[in-house]
Amino acid sequence: MNFTRITPVLVVDSVEACLPFWVDRLGFTRTAEVPHGDRLGFVILTSGRTEVMLQSVASVRDDIPGAEPGPGRTSLFIEVDDLAAVQRALGDWPRLVAQRDTFYKMRETIVRDPAGNDILFAQRLG
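A. Expanded view of the sheet that holds strand β6 (residues 95–101). Ordered in space as β2-β3-β4-β1-β5-β8-β7-β6, the eight strands form an open sheet in which the pairing is mixed. Bordering the open sheet on either side are β2 (29–36) and β6, each of which pairs with just one other strand. Across this sheet, the average inter-strand angle for adjacent strands is 20°, counted without regard to direction. Sheet topology places strand β7 (residues 106–112) next to strand β8 (residues 118–124); seven bridges connect them, and they run antiparallel. The partner of R107 across the bridge, within β8, is Q123.

See the structure below:
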């Protein structure tokens, strides 16, 4: 297994309310965003090689069955080069999402670690 990148996903009440801090003050750039109803549900922010993701509580509830999101919670997005190897290593560990392919061209599996943190493993498709 080769882990190629780990990105924090900050769970927030409102993505829009956080953007002035990350974009205006710290100089991060929006590289992707996903609406959730009439608001932003998710955004990827980058500065050089540094990346952070913000996802609203409401979006997490709709995205991950069984999630117990709250502001101030953090999840991890871990990009791997072989998702099947991660799935084999996880064995019978319970999945929140067994496997899904996304519109942003990732194949993902989501689990919860023993401390209650949601960990999303993703492999690029194609």
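B. Quick peek at the pattern of salt bridges. Evaluated as defined, the whole model comprises nine salt bridges. The partner of R107 in a salt bridge is D101, and the shortest N-O contact between them spans 2.6 Å. Counted as one network, the salt bridges with shared partners bring together R5, E51, E79 and R124.

C. Region of the structure containing the packing of aromatic side chains. The final tally for this structure, using the stated rule, is four aromatic pairs. Aromatic side chains F103 and Y104 sit 5.1 Å apart centroid to centroid with 85° between the ring planes, which places their arrangement in the edge-to-face category. On the basis of relative accessible area, F103 is assigned to the exposed category, the value being 63%. Y104 gets classed as partly exposed once you look at its relative accessible area, which sits at 37%. Feature note: the residues F21, W22 and F28 constitute an aromatic cluster, connected by ring pairs.

Procedures and definitions
- Residues numbered from 1 in each chain as written.
- Predicted model: local features only at pLDDT ≥ 70, side-chain atom pairs only at ≥ 80, totals over all residues.
- Heavy atoms only, no water.
- Pairing = 2+ DSSP bridges.
- Helix = DSSP H or I, 4+ residues; strand = E, 2+ residues; numbered from the N terminus.
- Axes fitted to C-alpha atoms, helices over the stretch in contact; angles between N-to-C directions.
- Salt bridge = Lys/Arg side-chain N within 4 Å of Asp/Glu carboxyl O.
- Phe/Tyr/Trp six-rings, centres within 6.5 Å; stacked < 30°, edge-to-face > 60°.
- Buried < 20%, exposed > 50% of the residue type's maximum accessible area, 1.4 Å probe, protein only.

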